[in-house]
Amino acid sequence: MRFALATEPGDPERPNEDWASIALPASGQGGCLVALDGVTPPRGDDGCVHGVPWFTARLGGALIELSGSRRDIPLTEVLALSIRRTADAHRDTCELSHVRTPQATVVVARWDEEWVEQLVLSDSTLLLESPDGSVRALLDDRLDRIPREILRSLSATDALRNKEGGFFTAAADPAVAERAVTDRTPRADVRAVAALTDGASRWTDLFEEGGWADLVGLLDKEGPHGLIERVRALERADAARGGARRWKKHDDATAVYARLEGP
């Protein structure tokens, strides 16, 4: 097995709101990975005294611990328990009912000798490479279905946040775990797993430098850091042309790569 992880803030003057980790059991059998993309709130009150990096660290820590220690429960329950644990950590100091309370996209993958379990909530990406080199993406595309003109309005976006007919993120309500996109695949059918926040997946889904299989090949050859360096170069070139292809010049970018099977 081979594992690699890289993360880089979009702005060195601001804290990185992404969070990622890989965990392997002492037995050496199986493992899990987690990647979170914290949702940057608009300027103004979000009801929380802690901030998004605190939230993603708390939620991510709970997810990686429970994914490894509670292998008897499905990933949706792992997510629900992690959200509840995180909410309890600041329930007495913060207004958790605020629509912009700290929140994050979620990717979790967990594997043992028989299965690879998968969970995605909101617009981060999970990729599974099969032994024949083909790649399948597990995506939650609800945010992509919302017209961009609506997303440009803060009030219109808030009206759709964690609401039926809108999109869902991990915030303070454990019930959102049931909205996650999940799947499981026989371990024999998975050679590698990759988790990407949208700052890293831009290489494919924004700049169209290659398909998902090409991206996994890049991760295998150059590692997550190499992918992020290529994304940054594309962003700089796009900015020089006027920046028509992205919402902001740089975003926090995180990539996790787990090669479960040798070449």
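What comes next is a walk through the structure.

Analysis parameters
Residues numbered from 1 in each chain as written. Predicted model: local features only at pLDDT ≥ 70, side-chain atom pairs only at ≥ 80, totals over all residues. Heavy atoms only, no water. Axes fitted to C-alpha atoms, helices over the stretch in contact; angles between N-to-C directions. Helix = DSSP H or I, 4+ residues; strand = E, 2+ residues; numbered from the N terminus. Parallel < 35°, antiparallel > 145°, perpendicular 65-115°, else oblique. Left-handed = near helix turned anticlockwise from the far one by under 90°. Contact = heavy atoms within 4.5 Å. Nonpolar A, V, L, I, M, F, W, Y, C, P; charged D, E, K, R; others polar. Pairing = 2+ DSSP bridges. Buried < 20%, exposed > 50% of the residue type's maximum accessible area, 1.4 Å probe, protein only. Polar contact = N/O pair within 3.5 Å; in protein donor to acceptor, adjacent residues only side chain to side chain.

**Thoughts on the packing of helix α1 (residues 52-69) against helix α2 (residues 75-90)**
And then number 1: Close contact between α1 and α2 brings their axes to 9 Å; oriented N to C, the two are set at 140°. Comparing their axes, α2 and α1 come out oblique. For the pair α1 and α2, the crossing hand works out as right-handed. Listed contacts from α2 to Trp-54, Phe-55, Arg-58, Leu-59, Ala-62, Leu-63, Glu-65, Leu-66 and Ser-67 of α1 are Leu-75, Val-78, Leu-79, Leu-81, Ser-82, Ile-83, Arg-85, Thr-86, Ala-89 and His-90.
And then number 2: Across the contact of α1 with α2, the residue classes tally to twelve nonpolar, four polar and three charged.

**Side note on the sheet that holds strand β10 (residues 253-259)**
And then number 1: Spatial strand order, β1-β10-β9-β6-β7: five strands in an open sheet with antiparallel pairing. Of all the strands in the sheet, the pair left with one neighbour each is β1 (2-8) and β7 (135-139). For this sheet the average axis-to-axis angle between neighbouring strands, irrespective of direction, equals 10°.
And then number 2: Helix α5 (residues 198-205) rests against β6 (125-129), β9 (192-196) and β10 of the sheet, and its axis sits at about 75° to β10.
And then number 3: Packed on one face of the sheet, helix α6 (residues 212-240) meets β1, β6, β7, β9 and β10 and runs near 145° to β10.

**Quick notes on the environment of Asp-238**
And then number 1: Tracing the backbone shows Asp-238 in helix α6.
And then number 2: The exposure class of Asp-238 is buried, given its relative accessible area of 2%.
And then number 3: As a C-alpha pair, Asp-238 and Phe-207 span 31 residues in sequence and 9.1 Å in three-dimensional space.

**Considering the side chain of Arg-100**
And then number 1: Within the element layout of this structure, Arg-100 appears in the loop between α2 and β4 (104-111).
And then number 2: A distance of 2.8 Å separates polar atoms of two side chains, one belonging to Arg-100 and the other to Asp-158.

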